[in-house]
Amino acid sequence: MKISAVVIAHNEEGWIECCLKSLLQQSLKPFEIILVLHNCSDKTKELAQRFPIKIIECFEGGGPIISRARGIEKASGNIICCTDGDCWFDKRWIENISKPLLNNENISIVGGYTKIQNSFFWRFSCWWQFVWNRKILNNKNSRFAWGSNFSFRKIDYLEVGGLRSFLKIHKDLKINYWAEDLYLSLALQKVGKIFFATNANVYTYLPKEKASPSSQIQITKKQREDNKKLFSFFKI
C-alpha cells in the first residue's frame with residue numbers, strides 16, 4: 001500500500017521549509033510528497049526545490065479546490081494524506097492519519113486533530129472542535145475534516161467524482177469560502193464512514209487578520225452558511 005502526501009501552498013515562504021522537513025522526518029515515510037504551488041509569487045518554490053519532493057505549479061483559478069485536485073490527480077499512492085503548506089506535524093502523523101484506512105475498509109475518510117497555536121483560546125477551541133464535538137459527542141454537524149489534516153483512498157475519491165465537479169456546485173450554491181474540505185468530507189461519506197483520529201496531530205498558526213475575535217465572528221457566520229448549504233446539498 002503506497003501513501004502519497006499532498007501539500008497545497010499559496011505564498012508560504014515563511015513556513016514551507018518547516019512543513020517539508022516535518023514530512024520527511026515521519027516515522028512512516030510517504031511514498032511521495034507532492035507540493036502544489038497555487039499562484040505563488042514569493043520564494044516558496046525556490047525554498048521547496050531544496051527538498052526531494054515533486055512540485056506542481058498551478059496557475060488556474062479555483063483556489064484550493066483546483067490546487068488540491070491537481071495534487072490528488074498526480075498522486076500515485078493508494079492512500080492520499082492532505083495538508084497545507086503552513087503546517088507542521090507530529091512524527092507519527094502519516095502513520096496515525098492513514099492507519100484507520102489500512103485497518104478498516106468501511107472507513108472512507110479520516111480527519112485528524114489540527115491544533116492552532118496562536119493562543120490558549122485557539123488551542124482550547126481546537127480541542128472543543130476535534131475532541132469534544134467530533135470524537136466524544138459525535139456531533140452530526142461537525143462530521144467533516146479540515147483541509148489541513150485528512151486522508152482517504154484514491155479509489156474512493158474517484159468514485160465520488162473528485163473535486164473538479166465541485167467548482168460548478170460551488171458557484172451554483174454561492175458558497176462563501178472554498179470549502180473543498182467540507183465538500184469532499186461529505187462526498188466520501190456517501191461511500192463509507194468518517195473516522196476522527198485525535199492522535200494524528202497537525203500544528204499551524206492563523207494569520208493575525210483572521211485570528212482576532214471580530215474577524216472570527218464574521219468568518220464563522222459565513223462558514224455556518226456554507227455548512228448549511230452543503231449539508232442540505234448532500235441531504236444530511
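Higher on the page you've got the structure.
Definitions and limits used
- Residues numbered from 1 in each chain as written.
- Predicted model: local features only at pLDDT ≥ 70, side-chain atom pairs only at ≥ 80, totals over all residues.
- Heavy atoms only, no water.
- Helix = DSSP H or I, 4+ residues; strand = E, 2+ residues; numbered from the N terminus.
- Buried < 20%, exposed > 50% of the residue type's maximum accessible area, 1.4 Å probe, protein only.
- Patch = residues over 30% accessible without salt bridge, like charges linked within 9 Å, V, L, I, M, F, W, Y side chains within 5 Å.
- Areas by Shrake-Rupley, 256 points an atom, 1.4 Å probe, with all protein chains shown as cover.
- Salt bridge = Lys/Arg side-chain N within 4 Å of Asp/Glu carboxyl O.
- Arc of directions from axis to C-beta.
- Contact = heavy atoms within 4.5 Å.
- Pairing = 2+ DSSP bridges.
- Axes fitted to C-alpha atoms, helices over the stretch in contact; angles between N-to-C directions.

Draft legend 1. Expanded view of the environment of Glu-209. By secondary structure assignment, the location of Glu-209 is in helix α9 (residues 208-211). Assessed through its relative accessible area of 55%, Glu-209 is described here as exposed.

Draft legend 2. The arrangement of a nonpolar patch on the surface in detail. On the surface, Phe-120, Phe-124, Trp-127, Trp-128, Ile-136 and Leu-137 cluster together into a nonpolar patch covering about 640 Å² of accessible area. With respect to the helices, strands and loops of the structure, Phe-120 is situated in helix α5 (residues 120-136).

Draft legend 3. Highlighting helix α7 (residues 166-173). Buried residues of α7: Phe-166, Ile-169 and His-170, and no others. All buried residues of α7 lie within an arc of 105° about the axis, which places them on one face of the element. Exposed residues lying more than 90 degrees from the buried face of α7 are Lys-168 and Lys-171. Among the structural elements, α3 (63-74), α8 (180-188) and α10 (213-233) are those in contact with the buried residues of α7. The first or second residue beyond α7 is Lys-174, which carries a positive phi of 55°.

Draft legend 4. Highlighting the sheet that holds strand β6 (residues 107-116). Read across the sheet, eight strands follow the order β3-β2-β1-β4-β7-β6-β8-β5 without closing on themselves; strand pairing throughout is mixed. Every other strand in the sheet has two partners, leaving β3 (54-58) and β5 (87-89) as the edge strands with one partner each. Within the sheet, the average angular offset between the axes of one strand and its neighbour, ignoring direction, is 30°.

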